[in-house]
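Below are the chains, spelled out letter by letter.
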Amino acid sequence: MNSRTTNSGHTEKSDTVIVPRKSANKPVKAGAESMEGRTVTKRNTHANVDGRTQSRANATYRLMGVREAARRDKRTKFTALFHHVTIQLLRESFYQLKRFSAPGVDGQSWKTYEQRLGENLRELHESLHRGSYRPNPARRIIIPKADGSERPISVQSVRDKVAQMAVVKILEQIYEEQFLGFSYGFRPGRSQHDALDALTVGLKSKKVNWVLDLDIRKYFDSVGHDRLLKTIQHRVRDRRILRLVRQWLEVGYIDAQGRRIRSQVGAAQGAVISPLLANVYLHYALDQWSVWWRKHNSRGDMVIVRYADDVIAGFQHHEDAQRYRKELVGRLRDFGLAINEHKSRLIRFGRYAEQQQKERGLGKPPTFDFLGFTHYCGRSGNGGFAVRRRSVRKRVTRKLKEIRLELKRRRHAPVSQQIEWLSSVIQGHCNYYGVPGNLRNLTRFRYELFRAWYRALCRRSQKKRINWQKFGQFLGNRLPSVHTVHPYPEERFYAKYSR
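This structure is a prediction, so every number in the text was calculated from the model and none was measured.

## Observations regarding the overall build of the chain
Counting its secondary structure elements, the chain contains 18 helices and 16 strands. The long-range fraction of contacts in the chain, counting pairs at least 24 apart against all pairs at least 6 apart in sequence, stands at 70%. Surface accessibility of the chain: about 26,000 Å² in total, with carbon and sulfur atoms responsible for 47%.

Structure below.
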């Protein structure tokens, strides 16, 4: 294995990877083989490869050698990756962060960090390569959830976000070649609507009669640090990368009394690296095992779609669904995880569900929620089976409540500013919920928002100065109309993933 001297004055190993195949007598150097005419990404992933010319080859493009080595052999173990953490990669990582995020415990915002960006990145780069880098504890905030529980969010320092983003960009080159096709959560080039499209196509194209709606209980709070690092070591053996990951997992947070609480288990929600670590953990805990189970134990068709810790699995036979759920409980227990029994259920769903429900005198088939949409059995224009979707009522109700509170705060602002803000709210709602068949719910949302705005304006003074009809005529038409934004799932799915 070769070595070289870095700008910091220390010697480190070259980007050599171990190939466990018996026929490989020599180690393979990532990026040593010419990439001309080769495809280094899967068709269902998208890598950032800006600046391909020799005059402007960015840090992300240099990582394509790592991706090429990961693509050639799924068992390759990478022993030296840390030299890819360059100042240029840190700079690219900084500009990929959200610019208006809340500051961490050091009080430094994105704008403040940018004012001395060159100096800050040099200091961060030197501390990382010297081994003197120590992450700051997170600032914890509590966000209420729809079911009445609370979700702890860790707000990190900009410095730590930059370092984590750089490591994420390196590890993504490896794991995007490792992850399976039905994994959609927090992956580049894969959105919630890609998962929704895949689910709809799977339920319609396969012989599905039962749907298992699974939710992993307190997933981010249950991940074991040692077990997580062992799963990472299946592909990554760079000690400095592993040391950084452990530091970020164990750094903890500052509580309301100002005390430092170190983390013994779990991955911090809100951390830049947590989504990738969560996908790696579930890849070994659930994804690979599900593929093996479908191949060896399933008697009929089976489809599965996972977005983060939300899993939807469809089965042809009821016995398969029950056996999969029972054995999955034991599988997750080995990884320190458990299924949320209150949110998980097995329902009859599919092209014959309506007929089977009527034969048993049970009414309409049950529905299930996934990624903000309620899925239910319906009919297409020609009378065939169709998977219909509508906005989850609880989410829309909660959103309207938040809008009413915000309108109360903004009601004395100029009307032009209120129109601009409300227009962005309506457009953002349509951009996500504007799927075919959901236009009625979009129209209802706009109408309720319109009423809330009218009531807020009527309370600008003690005397009501505006009439409902005139308000609708002169002000209501300034808000954008609702419309269907997304195509039918089959159109986008087969256009993106050609059969």
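## Let's talk about the sheet that holds strand β14 (residues 368-370)
Two strands in a sheet stick together by hydrogen bonds in their backbones, pointing the same way (parallel) or opposite ways (antiparallel). What the three strands build is an open sheet, ordered β14-β15-β16; its pairing is antiparallel. In this open sheet, the two strands that pair with only one neighbour each are β14 and β16 (385-391). Neighbour-to-neighbour, the strand axes of this sheet turn through a mean angle of 45°, independent of strand direction. Of the strand pairs in this sheet, strand β15 (residues 373-379) and β16 are connected by seven bridges, and their pairing is antiparallel. Counterpart to Y376 in the pairing with β16 is R388.

## Considerations on the pairing of strand β12 (residues 310-315)
Moving residue by residue along a regular strand, the side chains alternate between the two faces of the sheet. With five of its six residues buried, β12 lies for the most part within the structure. The pairing of strand β8 (residues 210-215) with β12 spans six bridges and is antiparallel. Bridge pairing in β12 links L212 to A313. The turn joining strand β11 (residues 302-307) and β12, which pair antiparallel and follow one another in sequence, is formed by two residues; a positive phi near 60° is taken by A308.

## Focus: the side chain of D215
For D215, the position within the fold is in strand β8. Of the side chains with opposite charge, K343 comes closest to the buried, unpaired D215, at an N-O distance of 4.7 Å. Discounting residues that sit within four places of it in the chain, D215 has contacts with D309, D310, A338, I339, N340, K343 and S344.

## Considerations on empty space enclosed by the protein
Scanning all chains against the criterion turns up two cavities of 30 Å³ or more. Size it by volume and the largest cavity reaches roughly 50 Å³. Around the largest cavity, the lining residues are L97, K98, S101, A102, W110, V158 and K161. For the lining of the largest cavity, a count of residues per class yields four nonpolar, one polar and two charged. In this structure, the second largest cavity occupies an estimated 30 Å³ of space.

## Some details on the side chain of S263
Tracing the backbone shows S263 in the loop between β10 (260-261) and α11 (274-296). Only 3.3 Å separates the side chain of S263 from the backbone oxygen of L249, close enough to count as a polar contact. Only 3.2 Å separates the side chain of S263 from the backbone oxygen of V265, close enough to count as a polar contact. Look past the residues within four positions of S263 in its chain and what remains in contact with it is H225, L249, E250 and G252.

## Details of the packing of helix α6 (residues 158-175) against helix α10 (residues 239-250)
The N-to-C vectors of α6 and α10 enclose an angle of 130°; their axes lie 12 Å apart at closest approach. Considering the angle they form, α6 stands oblique to α10. In this structure, α6 meets α10 at a crossing whose hand is left-handed. Contacts from A163, Q164, V167 and L171 in α6 reach I241, L244 and W248 in α10.

## Side note on the pattern of salt bridges
Scanning the model with the defined rule gives 25 salt bridges in all. Residue R116 is joined to E119 by a salt bridge in which the shortest nitrogen-to-oxygen separation is 2.5 Å. Classification of R116 by relative accessible area gives partly exposed; the value is 40%. E119 sits in the partly exposed class, given a relative accessible area of 35%. Across the salt bridge formed by E250 and R246, the nearest N and O atoms sit 2.9 Å from each other. With E250 and R246 both in helix α10, this residue pair falls four residues apart, about one helical turn. Classification of R246 by relative accessible area gives partly exposed; the value is 31%.

## Considerations on the packing of helix α7 (residues 192-205) against helix α18 (residues 489-496)
Where α7 contacts α18, the two axes come as close as 9 Å, and the packing angle between them is 105°. Considering the angle they form, α7 stands roughly perpendicular to α18. Touching H193, D194, D197, A198, T200, V201 and K204 of α7 are P489, E490, R492, F493, Y494 and K496, all from α18. A class-by-class count of the residues in the contact of α7 with α18 yields five nonpolar, two polar and six charged.

## Some remarks on the environment of R306
Turning to its location among the elements, R306 is positioned in strand β11. Considering only alpha carbons, one finds R306 and S183, 123 residues apart in sequence, at a separation of 5.1 Å. Not counting the four nearest positions on each side in its chain, R306 is found in contact with F182, S183, Y184, G185, N279, L282, L286, D287 and V311. At 2.9 Å, the side chain of R306 forms a polar contact with the side chain of D287. A distance of 2.9 Å separates a polar atom in the side chain of R306 from the backbone oxygen of A308.

## Side note on the sheet that holds strand β6 (residues 138-144)
A sheet is described by the order of its strands in space; here four strands give the open sequence β7-β6-β9-β10, paired in mixed fashion. Each having just a single partner strand, β7 (150-155) and β10 make up the two edges of the open sheet. Strand direction decides the pairing type here: strand β9 (residues 253-254) and β10, joined by two bridges, are antiparallel. For I254, the partnering residue across the bridge sits in β10 and is R260.

Scoring rules and cut-offs
- Residues numbered from 1 in each chain as written.
- Predicted model: local features only at pLDDT ≥ 70, side-chain atom pairs only at ≥ 80, totals over all residues.
- Heavy atoms only, no water.
- Helix = DSSP H or I, 4+ residues; strand = E, 2+ residues; numbered from the N terminus.
- Contact = heavy atoms within 4.5 Å.
- Areas by Shrake-Rupley, 256 points an atom, 1.4 Å probe, with all protein chains shown as cover.
- Pairing = 2+ DSSP bridges.
- Axes fitted to C-alpha atoms, helices over the stretch in contact; angles between N-to-C directions.
- Buried < 20%, exposed > 50% of the residue type's maximum accessible area, 1.4 Å probe, protein only.
- Lys, Arg positive; Asp, Glu negative; His and termini not counted.
- Salt bridge = Lys/Arg side-chain N within 4 Å of Asp/Glu carboxyl O.
- 1 Å grid on protein atoms, 1.4 Å probe; cavity = no way out; pocket = protein on both sides within 12 Å on 5 of 7 lines; lining within 4 Å.
- Points joined across faces, edges and corners; volume = space filled by probe spheres on them.
- Nonpolar A, V, L, I, M, F, W, Y, C, P; charged D, E, K, R; others polar.
- Polar contact = N/O pair within 3.5 Å; in protein donor to acceptor, adjacent residues only side chain to side chain.
- Parallel < 35°, antiparallel > 145°, perpendicular 65-115°, else oblique.
- Left-handed = near helix turned anticlockwise from the far one by under 90°.

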